[in-house]
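Chain residues, written in single-letter form:
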Amino acid sequence: MSQVSEEREERVEPTPPEPVGKPAPAEPPPPEPTASSASRAGRNLPAAIGVGLLLGVAIIVSLLTVRFVFIGIIAVAIGVGTFEFAGVLRRVANLRVAMIPVLVGGQAMIWLAWPFGREGALTAFVLTVLACLVWRLPGGADGYLRDIAASVFASAYLPLFGAFAAMLVPPDDGVGRVLTFLIAVVASDTGGYIAGVLGGKHPMAPTISPKKSWEGFAGSMIAGIAAGVLTIGLMLHGQAWQGAVFGVAIVLTATLGDLVESLIKRDLKIKDMGTMLPGHGGIMDRLDSLLPSAVVSWLLLSAFIPS
(Lines give C-alpha, C1' and ligand atoms only; values in the text may rest on other atoms or scores of the structure.)
Protein backbone atom coordinates (compact mmCIF):
# COMPACT_ATOMS: atom_id res chain seq x y z
CA MET A 1 0.00 0.00 0.00
CA SER A 2 2.77 2.42 0.88
CA GLN A 3 4.51 1.78 -2.43
CA VAL A 4 1.29 2.54 -4.34
CA SER A 5 0.78 5.72 -2.31
CA GLU A 6 4.32 6.82 -3.06
CA GLU A 7 3.76 6.21 -6.78
CA ARG A 8 0.54 8.26 -6.69
CA GLU A 9 2.30 11.08 -4.87
CA GLU A 10 5.06 10.99 -7.48
CA ARG A 11 2.44 11.27 -10.22
CA VAL A 12 0.76 14.35 -8.74
CA GLU A 13 3.87 16.20 -7.59
CA PRO A 14 4.90 17.76 -10.93
CA THR A 15 2.78 20.80 -11.77
CA PRO A 16 2.49 21.45 -15.49
CA PRO A 17 3.44 24.95 -16.54
CA GLU A 18 0.63 27.40 -17.25
CA PRO A 19 0.01 27.75 -20.98
CA VAL A 20 1.20 30.92 -22.61
CA GLY A 21 -1.40 33.67 -22.52
CA LYS A 22 -3.24 32.22 -19.50
CA PRO A 23 -1.88 33.87 -16.35
CA ALA A 24 -2.28 32.27 -12.97
CA PRO A 25 -5.30 33.46 -11.01
CA ALA A 26 -4.55 36.46 -8.85
CA GLU A 27 -6.37 39.25 -7.10
CA PRO A 28 -7.66 41.77 -9.61
CA PRO A 29 -5.86 45.10 -9.54
CA PRO A 30 -7.72 48.06 -8.06
CA PRO A 31 -9.78 49.95 -10.64
CA GLU A 32 -8.25 53.02 -12.16
CA PRO A 33 -9.75 56.22 -10.73
CA THR A 34 -12.14 57.79 -13.17
CA ALA A 35 -14.39 60.83 -13.18
CA SER A 36 -17.39 58.65 -12.41
CA SER A 37 -15.65 57.00 -9.44
CA ALA A 38 -14.17 60.22 -8.12
CA SER A 39 -16.52 60.19 -5.14
CA ARG A 40 -18.42 57.57 -3.22
CA ALA A 41 -21.59 59.40 -4.13
CA GLY A 42 -21.09 58.51 -7.79
CA ARG A 43 -20.53 62.07 -8.97
CA ASN A 44 -17.62 64.05 -10.33
CA LEU A 45 -17.06 65.92 -7.08
CA PRO A 46 -14.74 68.71 -8.37
CA ALA A 47 -17.11 69.49 -11.23
CA ALA A 48 -20.12 69.40 -8.91
CA ILE A 49 -18.45 71.80 -6.46
CA GLY A 50 -17.37 74.14 -9.25
CA VAL A 51 -20.82 74.31 -10.80
CA GLY A 52 -22.39 74.76 -7.37
CA LEU A 53 -20.08 77.65 -6.56
CA LEU A 54 -20.78 79.38 -9.88
CA LEU A 55 -24.53 79.09 -9.36
CA GLY A 56 -24.19 80.34 -5.80
CA VAL A 57 -22.14 83.36 -6.85
CA ALA A 58 -24.65 84.28 -9.57
CA ILE A 59 -27.52 84.11 -7.08
CA ILE A 60 -25.73 86.12 -4.38
CA VAL A 61 -24.66 88.82 -6.84
CA SER A 62 -28.22 89.15 -8.13
CA LEU A 63 -29.63 89.41 -4.61
CA LEU A 64 -27.06 91.94 -3.40
CA THR A 65 -27.35 94.21 -6.43
CA VAL A 66 -30.90 94.24 -7.83
CA ARG A 67 -32.75 91.54 -5.92
CA PHE A 68 -35.57 91.28 -8.48
CA VAL A 69 -33.02 89.87 -10.94
CA PHE A 70 -33.33 86.72 -8.86
CA ILE A 71 -36.88 86.31 -10.19
CA GLY A 72 -35.36 86.27 -13.68
CA ILE A 73 -32.96 83.53 -12.59
CA ILE A 74 -35.91 81.52 -11.30
CA ALA A 75 -37.80 82.07 -14.56
CA VAL A 76 -34.85 80.89 -16.68
CA ALA A 77 -34.21 77.84 -14.49
CA ILE A 78 -37.89 76.86 -14.55
CA GLY A 79 -38.11 77.34 -18.32
CA VAL A 80 -35.04 75.18 -18.97
CA GLY A 81 -36.19 72.61 -16.43
CA THR A 82 -39.62 72.40 -18.05
CA PHE A 83 -38.11 71.88 -21.49
CA GLU A 84 -35.75 69.25 -20.09
CA PHE A 85 -38.51 67.41 -18.21
CA ALA A 86 -40.90 67.44 -21.16
CA GLY A 87 -38.15 66.13 -23.44
CA VAL A 88 -37.45 63.19 -21.13
CA LEU A 89 -41.15 62.33 -20.91
CA ARG A 90 -41.44 62.42 -24.70
CA ARG A 91 -38.34 60.32 -25.39
CA VAL A 92 -38.74 57.74 -22.65
CA ALA A 93 -42.48 57.44 -22.00
CA ASN A 94 -43.99 58.88 -25.20
CA LEU A 95 -45.88 61.49 -23.16
CA ARG A 96 -46.52 64.74 -25.02
CA VAL A 97 -46.50 67.74 -22.70
CA ALA A 98 -48.30 70.77 -24.17
CA MET A 99 -45.04 72.70 -24.46
CA ILE A 100 -46.25 76.14 -25.52
CA PRO A 101 -49.01 76.47 -22.90
CA VAL A 102 -46.79 75.05 -20.15
CA LEU A 103 -43.80 77.25 -21.00
CA VAL A 104 -45.82 80.45 -21.46
CA GLY A 105 -48.11 79.71 -18.54
CA GLY A 106 -45.13 78.84 -16.37
CA GLN A 107 -43.49 82.18 -17.01
CA ALA A 108 -46.81 83.89 -16.24
CA MET A 109 -47.02 82.09 -12.89
CA ILE A 110 -43.58 83.29 -11.86
CA TRP A 111 -43.81 86.88 -13.06
CA LEU A 112 -47.40 87.42 -11.86
CA ALA A 113 -46.36 86.17 -8.43
CA TRP A 114 -44.20 89.31 -8.14
CA PRO A 115 -46.95 91.96 -8.09
CA PHE A 116 -50.00 89.80 -7.28
CA GLY A 117 -48.65 87.06 -5.00
CA ARG A 118 -50.60 83.81 -4.63
CA GLU A 119 -53.57 85.09 -6.58
CA GLY A 120 -51.46 85.86 -9.62
CA ALA A 121 -49.64 82.51 -9.57
CA LEU A 122 -52.78 80.43 -9.03
CA THR A 123 -54.76 82.34 -11.66
CA ALA A 124 -51.98 81.74 -14.19
CA PHE A 125 -51.88 78.05 -13.22
CA VAL A 126 -55.62 77.58 -13.78
CA LEU A 127 -55.43 79.32 -17.16
CA THR A 128 -52.44 77.14 -18.09
CA VAL A 129 -54.43 73.98 -17.34
CA LEU A 130 -57.31 75.22 -19.49
CA ALA A 131 -54.89 76.04 -22.30
CA CYS A 132 -53.40 72.53 -22.09
CA LEU A 133 -56.87 70.97 -22.40
CA VAL A 134 -57.54 72.95 -25.56
CA TRP A 135 -54.02 72.63 -27.03
CA ARG A 136 -54.13 68.84 -26.97
CA LEU A 137 -57.57 68.53 -28.63
CA PRO A 138 -56.30 68.29 -32.26
CA GLY A 139 -54.17 65.26 -31.28
CA GLY A 140 -57.24 63.09 -30.87
CA ALA A 141 -58.36 60.73 -28.13
CA ASP A 142 -55.36 58.38 -28.22
CA GLY A 143 -53.28 59.20 -25.13
CA TYR A 144 -55.24 62.39 -24.41
CA LEU A 145 -55.65 61.75 -20.67
CA ARG A 146 -52.00 60.70 -20.23
CA ASP A 147 -50.71 63.78 -22.06
CA ILE A 148 -52.98 66.14 -20.12
CA ALA A 149 -51.94 64.53 -16.82
CA ALA A 150 -48.26 65.00 -17.75
CA SER A 151 -48.87 68.63 -18.77
CA VAL A 152 -50.73 69.49 -15.56
CA PHE A 153 -48.09 67.73 -13.45
CA ALA A 154 -45.28 69.60 -15.20
CA SER A 155 -47.12 72.91 -14.69
CA ALA A 156 -47.58 72.32 -10.97
CA TYR A 157 -44.25 70.64 -10.21
CA LEU A 158 -42.05 73.29 -11.79
CA PRO A 159 -43.48 76.79 -12.36
CA LEU A 160 -46.19 76.76 -9.67
CA PHE A 161 -43.74 75.59 -7.02
CA GLY A 162 -41.12 77.97 -8.40
CA ALA A 163 -43.54 80.88 -8.08
CA PHE A 164 -43.36 80.50 -4.28
CA ALA A 165 -39.61 81.16 -4.46
CA ALA A 166 -40.36 84.30 -6.48
CA MET A 167 -42.82 85.42 -3.78
CA LEU A 168 -39.98 85.49 -1.24
CA VAL A 169 -38.32 88.39 -3.10
CA PRO A 170 -40.73 91.40 -3.00
CA PRO A 171 -40.85 92.13 0.78
CA ASP A 172 -38.37 94.67 2.14
CA ASP A 173 -36.43 91.84 3.79
CA GLY A 174 -36.71 89.71 0.65
CA VAL A 175 -32.96 89.16 0.37
CA GLY A 176 -32.91 87.67 3.85
CA ARG A 177 -35.92 85.48 3.08
CA VAL A 178 -34.39 84.09 -0.11
CA LEU A 179 -31.01 83.47 1.55
CA THR A 180 -32.69 81.79 4.52
CA PHE A 181 -34.50 79.45 2.13
CA LEU A 182 -31.44 78.69 0.00
CA ILE A 183 -28.98 78.29 2.87
CA ALA A 184 -31.29 75.85 4.66
CA VAL A 185 -31.66 73.69 1.53
CA VAL A 186 -27.93 73.77 0.78
CA ALA A 187 -27.11 72.94 4.41
CA SER A 188 -29.54 70.01 4.31
CA ASP A 189 -28.04 68.66 1.08
CA THR A 190 -24.44 69.19 2.22
CA GLY A 191 -24.93 67.80 5.71
CA GLY A 192 -26.67 64.75 4.29
CA TYR A 193 -23.97 64.22 1.67
CA ILE A 194 -21.09 64.41 4.16
CA ALA A 195 -22.74 62.22 6.80
CA GLY A 196 -23.87 59.72 4.18
CA VAL A 197 -20.45 59.40 2.57
CA LEU A 198 -18.59 59.13 5.87
CA GLY A 199 -20.93 56.85 7.79
CA GLY A 200 -23.97 55.89 5.74
CA LYS A 201 -24.71 52.25 6.53
CA HIS A 202 -28.47 51.98 6.95
CA PRO A 203 -30.43 52.64 3.75
CA MET A 204 -33.37 54.98 4.18
CA ALA A 205 -35.30 54.00 1.06
CA PRO A 206 -33.33 51.26 -0.72
CA THR A 207 -35.91 50.65 -3.44
CA ILE A 208 -36.09 54.36 -4.31
CA SER A 209 -32.66 55.86 -3.60
CA PRO A 210 -30.12 53.24 -2.45
CA LYS A 211 -27.44 55.80 -1.53
CA LYS A 212 -29.69 57.75 0.83
CA SER A 213 -29.11 56.60 4.40
CA TRP A 214 -30.52 57.34 7.83
CA GLU A 215 -27.08 58.59 8.86
CA GLY A 216 -27.21 61.05 5.98
CA PHE A 217 -30.71 62.12 7.01
CA ALA A 218 -29.42 62.76 10.55
CA GLY A 219 -26.61 64.88 9.08
CA SER A 220 -29.17 66.81 7.03
CA MET A 221 -31.30 67.42 10.11
CA ILE A 222 -28.40 68.71 12.20
CA ALA A 223 -27.13 71.02 9.45
CA GLY A 224 -30.63 72.18 8.47
CA ILE A 225 -31.64 73.08 12.03
CA ALA A 226 -28.36 74.94 12.60
CA ALA A 227 -28.81 76.86 9.34
CA GLY A 228 -32.44 77.69 10.18
CA VAL A 229 -31.64 79.00 13.66
CA LEU A 230 -28.73 81.12 12.43
CA THR A 231 -30.35 82.58 9.32
CA ILE A 232 -33.73 83.38 10.83
CA GLY A 233 -32.04 84.86 13.90
CA LEU A 234 -29.40 86.93 12.11
CA MET A 235 -31.13 87.87 8.84
CA LEU A 236 -34.79 88.06 9.79
CA HIS A 237 -34.54 88.74 13.55
CA GLY A 238 -36.77 85.80 14.39
CA GLN A 239 -36.76 83.45 17.35
CA ALA A 240 -34.52 80.42 17.76
CA TRP A 241 -37.50 78.05 17.96
CA GLN A 242 -38.80 79.44 14.67
CA GLY A 243 -35.44 78.72 13.07
CA ALA A 244 -35.44 75.18 14.45
CA VAL A 245 -38.96 74.49 13.16
CA PHE A 246 -38.02 76.01 9.82
CA GLY A 247 -34.88 73.88 9.59
CA VAL A 248 -36.76 70.65 10.36
CA ALA A 249 -39.46 71.48 7.79
CA ILE A 250 -36.93 72.28 5.06
CA VAL A 251 -34.98 69.07 5.68
CA LEU A 252 -38.21 67.07 5.41
CA THR A 253 -39.34 68.77 2.19
CA ALA A 254 -35.87 68.73 0.62
CA THR A 255 -35.55 65.00 1.38
CA LEU A 256 -39.06 64.38 0.08
CA GLY A 257 -38.30 66.30 -3.11
CA ASP A 258 -35.15 64.26 -3.67
CA LEU A 259 -37.00 60.99 -3.12
CA VAL A 260 -39.85 62.03 -5.39
CA GLU A 261 -37.52 62.80 -8.27
CA SER A 262 -35.58 59.58 -7.64
CA LEU A 263 -38.86 57.69 -7.92
CA ILE A 264 -39.74 59.53 -11.14
CA LYS A 265 -36.35 58.68 -12.63
CA ARG A 266 -36.67 55.04 -11.59
CA ASP A 267 -40.09 54.91 -13.20
CA LEU A 268 -38.59 56.36 -16.38
CA LYS A 269 -35.50 54.12 -16.01
CA ILE A 270 -33.00 56.97 -16.31
CA LYS A 271 -30.14 58.10 -14.09
CA ASP A 272 -30.32 61.87 -14.63
CA MET A 273 -32.82 64.24 -16.18
CA GLY A 274 -30.11 65.81 -18.34
CA THR A 275 -26.42 66.60 -18.73
CA MET A 276 -26.38 70.40 -18.64
CA LEU A 277 -24.65 70.72 -15.24
CA PRO A 278 -21.41 68.70 -14.96
CA GLY A 279 -21.32 66.67 -11.76
CA HIS A 280 -25.01 67.29 -11.11
CA GLY A 281 -26.92 66.07 -14.16
CA GLY A 282 -29.67 68.28 -15.50
CA ILE A 283 -31.38 71.39 -14.18
CA MET A 284 -34.14 69.20 -12.75
CA ASP A 285 -31.56 67.26 -10.76
CA ARG A 286 -30.77 70.50 -8.89
CA LEU A 287 -34.32 71.73 -8.55
CA ASP A 288 -35.65 68.54 -6.94
CA SER A 289 -35.07 69.61 -3.32
CA LEU A 290 -35.56 73.34 -3.97
CA LEU A 291 -39.05 73.25 -5.50
CA PRO A 292 -41.08 71.77 -2.61
CA SER A 293 -38.90 73.62 -0.10
CA ALA A 294 -39.80 76.94 -1.75
CA VAL A 295 -43.48 76.34 -0.98
CA VAL A 296 -42.83 75.48 2.67
CA SER A 297 -40.34 78.35 3.05
CA TRP A 298 -42.89 80.90 1.87
CA LEU A 299 -45.63 79.47 4.10
CA LEU A 300 -43.50 79.35 7.26
CA LEU A 301 -41.71 82.66 6.77
CA SER A 302 -45.02 84.39 6.04
CA ALA A 303 -46.40 82.97 9.31
CA PHE A 304 -43.33 83.57 11.47
CA ILE A 305 -42.24 86.96 10.09
CA PRO A 306 -45.10 88.80 8.40
CA SER A 307 -43.88 91.33 5.83
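On a predicted model such as this, the values are computed, not experimentally measured, just so you know. (Residues numbered from 1 in each chain as written. Predicted model: local features only at pLDDT ≥ 70, side-chain atom pairs only at ≥ 80, totals over all residues. Heavy atoms only, no water.)

Enquirer: How do you make sense of the overall build of the protein chain when you look at a structure like this?
Expert: Per the secondary structure count, the protein chain includes ten helices and two strands. Listed by position from the N terminus, the elements making up the protein chain come as α-α-α-α-α-α-β-β-α-α-α-α. Relative to its full complement of 307 residues, the protein chain shows a buried share of 44%. Within the structure as shown, the protein chain displays about 16,700 Å² of accessible surface, and the carbon and sulfur contribution to it stands at 70%. (Helix = DSSP H or I, 4+ residues; strand = E, 2+ residues; numbered from the N terminus. Buried < 20%, exposed > 50% of the residue type's maximum accessible area, 1.4 Å probe, protein only. Areas by Shrake-Rupley, 256 points an atom, 1.4 Å probe, with all protein chains shown as cover.)

Enquirer: Before we go on, may I ask you to explain the nonpolar core in this structure?
Expert: Taken as a class, soluble globular proteins show a tendency for nonpolar side chains to be buried jointly. By size, the foremost hydrophobic cluster in this structure holds 63 residues, and its most contacted members are F70 and F85. Where this core is concerned, the elements lending two or more residues are α2 (45-65), α3 (69-93), α4 (99-135), α5 (144-166), α6 (174-199), α8 (240-268), α9 (284-287) and α10 (290-304). It is α5 that contributes the most residues to this core, eleven residues altogether. Contacts of F85, omitting those with residues within four sequence positions, involve F153, A154, L158, I264, M273 and M284. (Core = buried A, V, L, I, M, F, W, Y, C linked by side-chain atoms within 4.5 Å. Contact = heavy atoms within 4.5 Å.)

Enquirer: Would you take a moment to explain the packing of aromatic side chains for this structure?
Expert: The geometry of an aromatic ring pair comes down to the distance between the two centres and the angle between the two planes. As enumerated under the stated definition, the model contains nine aromatic pairs in all. Ring geometry for W111 and W114: centres 6.3 Å apart, planes at 45 degrees, overall tilted. With W111 and W114 both in helix α4 and three residues apart, the pair spans about one turn of that helix. Overall, W114 belongs to the partly exposed group, its relative accessible area being 35%. With centroids separated by 5.6 Å and ring planes inclined at 70 degrees, the aromatic side chains of F164 and W298 adopt a geometry described as edge-to-face. Within this pair, whereas F164 is found in helix α5, its partner W298 is found in helix α10, the two being separated by 134 residues in sequence. Grouping residues by exposure puts F164 and W298 together as buried. (Phe/Tyr/Trp six-rings, centres within 6.5 Å; stacked < 30°, edge-to-face > 60°.)

Enquirer: Would you mind showing me how to read the side chain of K265 here?
Expert: Inspection of the secondary structure puts K265 in helix α8. Ignoring sequence-local partners within four residues, the contact set of K265 consists of I270, K271, D272, M273 and D285.

Enquirer: Mind showing me how you'd approach the environment of A184 here?
Expert: For A184, the position within the fold is in helix α6. Overall, A184 belongs to the buried group, its relative accessible area being 0%. Placed 65 residues apart in sequence, A184 and A249 show a C-alpha to C-alpha distance of 9.8 Å. Dropping the residues within four chain positions of it, A184 is found in contact with A227, F246 and I250.

Enquirer: Explanation requested: the pattern of salt bridges in the structure shown.
Expert: A side chain with one charge may pair with a side chain of the opposite charge, provided their charged atoms come close. According to the stated counting rule, one finds four salt bridges in the structure shown. With a closest N to O distance of 3.4 Å, D147 and R96 form a salt bridge. With D147 in helix α5 and R96 in the loop between α3 and α4, the pair connects residues that are 51 residues apart, well separated along the chain. Among the residues examined, D147 registers a relative accessible area of 2% and is labelled buried. With relative accessibility at 32%, the residue R96 sits in the partly exposed group. Each member of the salt-bridge network shares a partner with another, and the members are R96, R136 and D147. (Salt bridge = Lys/Arg side-chain N within 4 Å of Asp/Glu carboxyl O.)

Enquirer: I keep staring at α3 and nothing clicks. Help me out?
Expert: Side chains of residues three or four places apart in an α-helix project in the same direction, reflecting 3.6 residues per turn. For α3, which comprises 25 residues, the first-to-last C-alpha distance of 36 Å matches the rise-based estimate of 36 Å (1.5 Å per residue) to within 8%. In the segment just after α3, N94 is the residue with positive phi, at about 55 degrees. (Expected span 1.5 Å × (residues − 1).)

Enquirer: I would appreciate a short explanation of the packing of α8 against α10 in the present structure.
Expert: Helix packing for two helices is described by the angle between their axes and how far apart those axes are. Two elements in contact, α8 and α10, have axes separated by 8 Å at closest approach and are oriented at 165 degrees. As far as their axial angle goes, α10 and α8 are roughly antiparallel. As α8 runs across α10, the sense of the crossing is right-handed. Between α8, through W241, Q242, V245, F246, A249, I250, T253, A254 and G257, and α10, the contact on the second element is made entirely by P292, S293, V296, S297, L300, L301 and F304. The residue makeup of the contact of α8 with α10, split by class, is eleven nonpolar, five polar and no charged. (Axes fitted to C-alpha atoms, helices over the stretch in contact; angles between N-to-C directions. Parallel < 35°, antiparallel > 145°, perpendicular 65-115°, else oblique. Left-handed = near helix turned anticlockwise from the far one by under 90°. Nonpolar A, V, L, I, M, F, W, Y, C, P; charged D, E, K, R; others polar.)

Enquirer: Would you mind showing me how to read α5 here?
Expert: The terminal C-alpha atoms of α5, which comprises 23 residues, lie 32 Å apart, in line with the 33 Å expected from a rise of 1.5 Å per residue. For α5, the principal kink sits at A156 and spans about 30 degrees; a proline, P159, occurs within the next four residues. (Bend = angle between axes of the 7 residues up to and from the residue.)

Enquirer: Please explain the environment of G228 as it appears in this structure.
Expert: Summarising the element assignment, G228 is placed in helix α7 (residues 214-235). By relative accessible area, G228 is classed as buried at 0%. Linking G228 and A240, residues twelve residues apart in sequence, is a C-alpha distance of 8.3 Å. Sequence-distant contacts of G228, that is, excluding residues within four places in its chain, are made with G233, G243 and F246.

Enquirer: Would you explain a nonpolar patch on the surface in this entry?
Expert: A grouping of V126, L127, L130, L133, V134 and L137 is seen on the molecular surface, where their side chains present a nonpolar patch of about 550 Å² in accessible area. Relative to the helices and strands, L127 is located in helix α4. (Patch = residues over 30% accessible without salt bridge, like charges linked within 9 Å, V, L, I, M, F, W, Y side chains within 5 Å.)

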